[in-house]
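If you want the building blocks of each chain, they are given just below.
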Amino acid sequence: MREKELRLALVCYGGISLAVYMHGITREIWHLARASRAYHAGEAAGGASEAVYRDLIGEIEAATGTRLRVLVDIVAGASAGGINGIFLSQAIATGQSLDPLTDLWLNNADVDRLMADDRPAGAISKRLSRLWASPLARYAAGRTATEALDPAVQAEVRAKLTQFVQARWFAPPFGGARFTTLLLDAMGAMAGTGDGRSLLPDGHPLDLFVTVTDFRGHPERLTLHSPPEIVETEHRLTLAFSTRDEGDAALGEIPALVFAGRATASFPGAFPPFTVGELDAVLAERGQDWPGRGAFLTRALPRLAAIDAVESAVLIDGSVLSNAPFRPAIEALRNRPAAREVDRRFVYIDPKPNIRSVHMTGGDGIEPPGFFQTILGAMSDIPREQPIRDNLEAIAARSARIADAAATIAAVRPEVEAAIDDALGGTIFLTRPTPARIAGWRAKANMLAVKRAGFTFAGYGHLKLASVIDRLATLFAEGGAQDRDAVRAALWVHVRAVGIAGPGADDAAFVQFMRAHDLEFRVRRLRFVAEQVPDVPPPGCPADLIEAMRSALFAALAPYLDQRAPKLRDMADVLDDPAAALAALAEATDLRAIDDRADATLCAALLPLPRPERRRILLAYLGFPFYDIATLPLLRGDHRDEFNPVKVDRIAPDDASAIRAGGAEATLKGIAFNSFGAFFSRAWRENDYLWGRLHGIDRLVDILISTLPAGTTLPPGHVAMLKTRAFRAVLAEERGRLTAIPELFATLEREIG
């Protein structure tokens, strides 16, 4: 049975009160990941929509012969999307449940709970504020589509809007400490729930990125020709969390995650800026410890930590400068493990595409913007609402380079195979592999590729050497808590001193260095050969032998991947003695012993194959040095373990029309009051949360179906039937919880039917 992983890299936009809608979507993503785990473990599905996802994964296997596993392993978010990304990542990493979070969103994302404690007090202050606040509230409510709502909902919105505009003049109406407390309560509510099993396979990392804006900024040094160095002020911050960094599969300590959530969602004007002192005070009041405080703050705010000034940091909403944080998610594609075929998707959640703030779109769109409209748009909305074209173009360019590399490989394949045949004795010996023969053939093929490359090998060799030095510098720096640039410089001094800096065909020192340390070449080679295993078995070749060959390649790959993060203990200081440190690392990783085991694994899988297929895979394996010389310069900076083009999918109200067309305007209430609407009514939050789940189902089923091979389909009408079944299951599951919107349930029952 062929296995494939659908890997989702999730990018969550900001949306203020539409965070509740986004929670509905991320909850469905969580249910999909749980359904996938249940299917592969042979367990029953645990939720309403989970059963549908589980059945669909089974139907895909029946239709295509492919066991699909769905993983969410990269999450990046800003503002409201950052908060939802944090909670989803915590649930994925720890096996905790998102169920408690739903009630917390519905109960606590309300102006009554969020308002600061120091609102206007005293009869005179209240009377004066009511004089100007009440007309404003009536005007704002009148401009919002409240007429179709229940009278009680209209009254609730108007009353809370009046309360909101009576808040302090020239000060944020929402309380920062209250917000921090609510986030801590939410994390506490999730703790102890669920089954404690991660939704990712053992050893597979989960990377979380949350964007933040450093209000005061921090200095960054840049190197120029003249002057040699300048200093600029950088305001963008990305807080990164990863299960790679924690031995117990946790993303990080709860206070650190709350730090990120509170900082990324400090919407200017609504919440006060976030400071470390605010979190310290709340933790002290609760009697809650933060053992890793110093280490986290040093990592999150390195420039301020260096001058012992982290308490002076002032952080505001991450969406101000990076509302669509694709860049860190793209960078996270590096060095990801893959034990089987990968279909990588970037899935981004945009809760209100093409809906802009009132002051951005006021008037008839013909007259020039007014004074305040121009200022507010320039300062806030335009930076926050920049399109993602640059990010999508970067992903497309990466995919194009991968396609170009594949075309290059196809063009040189006949010449490469002929060269291998001529050098190694033709087809007779190549069809009788043994581990010893494979090792010998590999060494001869490597030398042949170097000689055939001629003068072009110097550039390739320098590129390989630089890549190995960069990897080793990162490894030694992290293992010894040293400056990476200093370690890298020491390694370069060493390799030049021993004559490795000018690689050539007869450079024995270069060859020995690469045999001891070039881990990534070995990884690329096995990935490449795995790509050459046919998806459809050729005539006369049993499918089980093809899958056994594919499995053997990934089994041979696994020990190499384990050496990407070796345990560096009792090792010489690389800055003092680079030669001793490199020798100790070579002994610890022992790549040559792994090579021998890989040869035996491949040989055992090759021998049962029919002769033509055995020869084809061997030629791909032995010819890889030729292909690597031709393609590595093309893919520099873009070569990833997931050697496939990346596809991008969006989840937005405009894209989910199986129930109702019209996008956000036709479905969501939180878009009112410049996206603050859901803070003013529980009914509006219930509405948006429910639509979030329904829209999530609509798009996630589409994404699952899109994994089918070209030309393969499910029976006519089957996809619509699956969606209808999932929609009805969610309505049945949520009816008892969402008691403020009975009319919506009745309407949805008719529309779904």
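The protein chain goes by Patatin-related protein in an unreviewed UniProt entry, where it is assigned to Sphingomonas prati.

A. Up close: the overall build of the protein chain. Within the protein chain one finds 32 helices and seven strands. When the accessible surface of the protein chain is summed, it comes to about 31800 Å², and 56% of that surface belongs to carbon and sulfur atoms.

B. Spatial organisation of the environment of methionine 187. Structurally, methionine 187 can be placed in helix α8 (residues 176–190). For the pair methionine 187 and proline 100, spaced 87 residues apart in the sequence, the C-alpha separation amounts to 9.3 Å. Aside from chain neighbours lying at most four places away, what touches methionine 187 is Ile86, Phe87, Gln90, Ile254, Leu257 and Val258.

C. Focus on the packing of aromatic side chains. Tallied over the full model, the rule gives 13 aromatic pairs. Aromatic pair phenylalanine 259 and phenylalanine 296: ring centres 5.1 Å apart, planes at 80 degrees, arrangement edge-to-face. Of this pair, phenylalanine 259 sits in helix α9 (residues 254–264) while phenylalanine 296 sits in helix α11 (residues 293–300), and the two are 37 residues apart along the sequence. Above the plane of the ring of phenylalanine 241 lies arginine 299, whose end atom (NZ or CZ) is 5.8 Å from the centre. Between the NZ or CZ atom of lysine 464 and the centre of the ring of phenylalanine 521, over which it lies, the distance is 4.3 Å.

D. Just the nonpolar core, in detail. Counting residues in hydrophobic clusters, the biggest one holds 119 residues, and the most contacted among them are Phe87, Phe241, Phe259, Leu690, Leu704 and Leu748. Looking at this core, the element that brings in the most residues is helix α30 (residues 682–705), giving 12 residues. Every residue in contact with leucine 748, bar those within four places of it in the chain, is listed here: Ile659, Leu690, Trp691, Leu694 and Leu731. Ile409, Trp492, Tyr560 and Leu591 belong to the second largest nonpolar core, which has 73 residues in total.

E. A look at helix α4 (residues 99–108). Turning to α4, its buried residues number three or more, namely Pro100, Leu101, Thr102, Trp105, Leu106 and Asn108. Where α4 is buried, its residues touch α1 (19–41), α3 (80–94), α5 (111–114), α8 and α30.

F. View of the UniProt feature "active site" (unreviewed entry) in the protein chain. Summarizing the sequence annotation, UniProt attributes the feature "active site" (unreviewed entry) to Ser79 and Asp317 in the numbering used throughout. Across 239 residues in sequence, these annotated residues keep their C-alpha atoms within 5.8 Å of one another, forming a single compact spot. Assessed through its relative accessible area of 5%, serine 79 is described here as buried. In contact with serine 79, not counting residues within four places along its chain, are Gly14, Thr264, Ala265, Asp317 and Ser319. Among the structural elements, aspartate 317 can be located in the loop between β5 (315–316) and α13 (326–331).

G. Structural context of the pattern of salt bridges. Here the structure, examined in full by the defined rule, presents 36 salt bridges. The closest approach of N and O atoms between arginine 725 and aspartate 55, which form a salt bridge, is 2.8 Å. With arginine 725 in helix α31 (residues 718–734) and aspartate 55 in helix α2 (residues 48–64), this residue pair connects regions lying 670 residues apart in the sequence. When the shortest N-O distance is used, the salt bridge between lysine 464 and aspartate 518 registers 2.9 Å.

H. Main features of helix α32 (residues 742–752). Of all the positions in α32, only Leu744, Phe745, Leu748 and Ile752 are classed as buried. Around the axis of α32, the buried residues are gathered within 100 degrees of arc, so they sit on the same side. On its buried face, α32 sits against α30 and α31.

I. Quick peek at unusual backbone geometry. In the Ramachandran plot, aspartate 308 falls in the positive-phi region, its phi being about 55 degrees despite a non-glycine side chain. Note that aspartate 308 resides in the loop between α12 (302–306) and β5. Take aspartate 308: its relative accessible area is 67%, and that puts it in the exposed class. Of note in this structure, aspartate 590 is not a glycine but carries a positive phi near 50 degrees. Looking at the secondary structure, you find aspartate 590 in the loop between α24 (578–589) and α25 (591–606). Under the relative-accessibility criterion, aspartate 590 is labelled partly exposed at 37%.

J. Geometry of the pairing of strand β4 (residues 229–242). As paired elements, strand β3 (residues 207–223) and β4 share 13 bridges and run antiparallel to each other. Bridged to threonine 211 within β4 is threonine 238.

K. Focus on the packing of helix α18 (residues 435–453) against α25. As a packed pair, α18 and α25 sit with axes 8 Å apart at the nearest point and diverge in direction by 115 degrees. Handedness of the crossing formed by α18 with α25: right-handed. Of α25, the residues touching α18 (which contributes Pro435, Ile438, Ala439 and Arg442) are Asp595, Asp599, Ala600, Cys603 and Leu606. Here the contact of α18 with α25 is built from residues that sort into six nonpolar, no polar and three charged.

L. Just the packing of α2 against α31, in detail. Their axes nearest at 7 Å, the elements α2 and α31 cross at an angle of 160 degrees. With respect to each other, α2 and α31 are oriented roughly antiparallel. In this structure, α2 uses Ala48, Ser49, Ala51, Val52, Asp55, Leu56 and Glu59 to contact α31, whose residues at the interface are His718, Leu722, Arg725, Ala726, Ala729, Val730 and Glu733. When the residues that make up the contact of α2 with α31 are grouped by side-chain class, the tally is eight nonpolar, two polar and four charged.

M. Region of interest: the confidence of the model for the protein chain. Averaged over every residue, the pLDDT of the protein chain is 81; the share at 70 or more is 81%. pLDDT under 50 marks residues 118–143. Its contacts with residues more than four places away, or in other chains, come to 30 contacts. Note on residues 358–364: pLDDT is under 50 here. Beyond four places in sequence and across chains, it has 15 contacts.

N. Inspection of the side chain of histidine 517 at higher detail. Along the polypeptide, histidine 517 turns up in helix α21 (residues 508–517). Assessed through its relative accessible area of 5%, histidine 517 is described here as buried. If sequence neighbours within four positions are ignored, histidine 517 has contacts with Val468, Arg471, Leu472, Leu582, Leu585, Ala586 and Leu591.

O. Layout of the environment of valine 730. Mapped onto the secondary structure, valine 730 falls in helix α31. Looking at valine 730, the relative accessible area reads 0%, which means it is buried. Through-space distance from the C-alpha of valine 730 to that of alanine 48 is 5.8 Å; in sequence the pair is 682 residues apart.

P. Representation of the side chain of aspartate 214 in the model. Relative to the helices and strands, aspartate 214 resides in strand β3. The side chain of aspartate 214 sits in the buried core without any salt bridge; arginine 216 is the nearest counter-charge, 7.2 Å away. Look past the residues within four positions of aspartate 214 in its chain and what remains in contact with it is Glu234, His235, Leu237, Val314 and Leu315.

Calculation notes
Residues numbered from 1 in each chain as written. Predicted model: local features only at pLDDT ≥ 70, side-chain atom pairs only at ≥ 80, totals over all residues. Heavy atoms only, no water. Helix = DSSP H or I, 4+ residues; strand = E, 2+ residues; numbered from the N terminus. Areas by Shrake-Rupley, 256 points an atom, 1.4 Å probe, with all protein chains shown as cover. Contact = heavy atoms within 4.5 Å. Phe/Tyr/Trp six-rings, centres within 6.5 Å; stacked < 30°, edge-to-face > 60°. Lys NZ or Arg CZ within 6 Å of the ring centre and 35° of its normal. Core = buried A, V, L, I, M, F, W, Y, C linked by side-chain atoms within 4.5 Å. Buried < 20%, exposed > 50% of the residue type's maximum accessible area, 1.4 Å probe, protein only. UniProt positions renumbered as here; feature names shortened; annotations may be inferred. Salt bridge = Lys/Arg side-chain N within 4 Å of Asp/Glu carboxyl O. Arc of directions from axis to C-beta. Pairing = 2+ DSSP bridges. Axes fitted to C-alpha atoms, helices over the stretch in contact; angles between N-to-C directions. Left-handed = near helix turned anticlockwise from the far one by under 90°. Nonpolar A, V, L, I, M, F, W, Y, C, P; charged D, E, K, R; others polar. Parallel < 35°, antiparallel > 145°, perpendicular 65-115°, else oblique. pLDDT = per-residue confidence, 0-100. Lys, Arg positive; Asp, Glu negative; His and termini not counted.

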